[in-house]
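Spelled out from the first residue to the last, the chains are:
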Amino acid sequence: MPNTLATSFYTGPDAPTGEACEAQLRQGFRRLRFAPALEAQYQRLVVAEAQRPVLITTLSALIIWGGFAIFDVVRLDLYATWPPAPDIMVLLGARWLVLALLLACLLPRLSRPELLETKAFTVYLLLCLAVALTAVIYKANGIPSADTAQIVVVMAAFLPIGLRFYRALAASIAMVAFTTIAGITVLPPDLWQAQMMLLAVMIMAVPVAAVGAYLREYAHRRQFLLGAILLHQAQFDPLTDLANRRLFQRHAAAAIAHAGRTDEPLVLAVIDIDHFKAFNDRFGHTAGDEALRQVADVIGDTARRPMDMAARLGGEEFAVLLYGTGLEHARSILETMRNNIGRIALPTGANLSVSIGATALGGLETLDQIYDRADNLLYVSKNDGRDRITLG
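Residues numbered from 1 in each chain as written. Predicted model: local features only at pLDDT ≥ 70, side-chain atom pairs only at ≥ 80, totals over all residues. Heavy atoms only, no water.

**Observations regarding the sheet that holds strand β4 (residues 354-360)**
Alright, step 1. With mixed pairing, the 5 strands of this open sheet are ordered in space as β2-β3-β1-β4-β5. At either margin of the open sheet sits one strand with a lone partner, and together these are β2 (309-314) and β5 (389-391). Strand-to-strand, the axes of this sheet are offset by a mean angle of 20°, without reference to chain direction.
Alright, step 2. Of the pairings in the sheet, the one linking strand β1 (residues 266-273) to β4 comprises 7 bridges and is antiparallel in character. (Pairing = 2+ DSSP bridges. Helix = DSSP H or I, 4+ residues; strand = E, 2+ residues; numbered from the N terminus. Axes fitted to C-alpha atoms, helices over the stretch in contact; angles between N-to-C directions.)

**Topic: a nonpolar patch on the surface**
Alright, step 1. There is a patch of nonpolar side chains on the surface, built from L55, L59, L103 and L106 and spanning about 320 Å² of accessible area.
Alright, step 2. Position of L59 among the secondary structure elements: in helix α3 (residues 36-75).
Alright, step 3. Owing to a relative accessible area of 37%, L59 belongs among the partly exposed residues under this scheme. (Patch = residues over 30% accessible without salt bridge, like charges linked within 9 Å, V, L, I, M, F, W, Y side chains within 5 Å. Areas by Shrake-Rupley, 256 points an atom, 1.4 Å probe, with all protein chains shown as cover. Salt bridge = Lys/Arg side-chain N within 4 Å of Asp/Glu carboxyl O. Buried < 20%, exposed > 50% of the residue type's maximum accessible area, 1.4 Å probe, protein only.)

**Some words on the environment of A253**
Alright, step 1. Topologically, A253 is positioned in helix α10 (residues 245-262).
Alright, step 2. The class of A253 is partly exposed, set by a relative accessible area of 36%.
Alright, step 3. Along the sequence, A253 and L377 sit 124 residues apart, while their C-alpha atoms lie 20 Å from each other.

**Things to note about the pairing of β1**
Alright, step 1. With 8 of 8 residues buried, β1 is to be regarded as a mostly interior element.
Alright, step 2. A two-sided burial pattern is seen for β1, the buried positions comprising L266, L268, V270 and D272 on one face and V267, A269, I271 and I273 on the other.
Alright, step 3. Pairing analysis gives 7 bridges linking β1 to strand β3 (residues 317-323), with the strands arranged antiparallel. For V270, the partnering residue across the bridge sits in β3 and is A319.

Next comes the structure, spelled out in structure tokens:
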């Protein structure tokens, strides 16, 4: 099951639908890409999940890089050789530029989610350039350096630093390219052989790290789809695809509490299909299921705004929550719905009707209180001859 962050994402207003995720799962995603709308939803989740890992990675890089920058003063004996040679000045400039950028990444203005991948990609490329320059300048000046650090940087592109697989692959290849160019530009010919051996190891490290990253992202994308499908199945009625009772109660309780605090109007309607048991007995459950689906489609069309919700409460009973709607406006909406249900053309040739009880929120009420009142009004509609709306 998905974690808490993913769960809240799946139930948000822009949550991926179960149908879209099922279709994508059947189609596959070997290129690590979903359909455009689903891809955008997935990327929002990735950015949300990456916030903390990116912060930890940035802080770690800042500490390590800052340590090297301070150590340069001792290692390069800057106190005795100031001003240093031009190539050492380039090295120091690159070192402190990356340090400044890492610090800037912690600023709130540059920590916005939409900038995360661009920021991570830019910082990583500059880090690669600085590492490549550091290594070759150290070698050219006879200063010992750890070549393995460059191999670690190549593989680090595939860590959870906010990069998608293909961007991470491009960043990793860029590190190899920077090392190649820096070696050709700075190193004397007698050091090229050792540099070529290092490049060969770095090139081999790219696919090794990339395979693991590909499999990890593939598994994450699959989990994303399965999480949306499982939550959809847990919260929506499988026959009508309307919200089930559990989801409706949770949403309605929150909407009622919010409307009570903000003095917004709200109407709850309880709907029951008239004589549905007799319909089932006469035409069979297959025809009954088809009738429920068509009635649910009409009821669902009634609740299209973000805070509205239509639900199947069980059997032939439905509910509609209309947020920001007064009782008189709700009368018009519900009357249109009732008439549209009466015009449904069923394969059996029979016609259906519904009885409705609807009530408005009165002050700081609970869901149970407003539901009981709407349910009582529903029975008034039934007792008065059915196929009608009773408001109260």
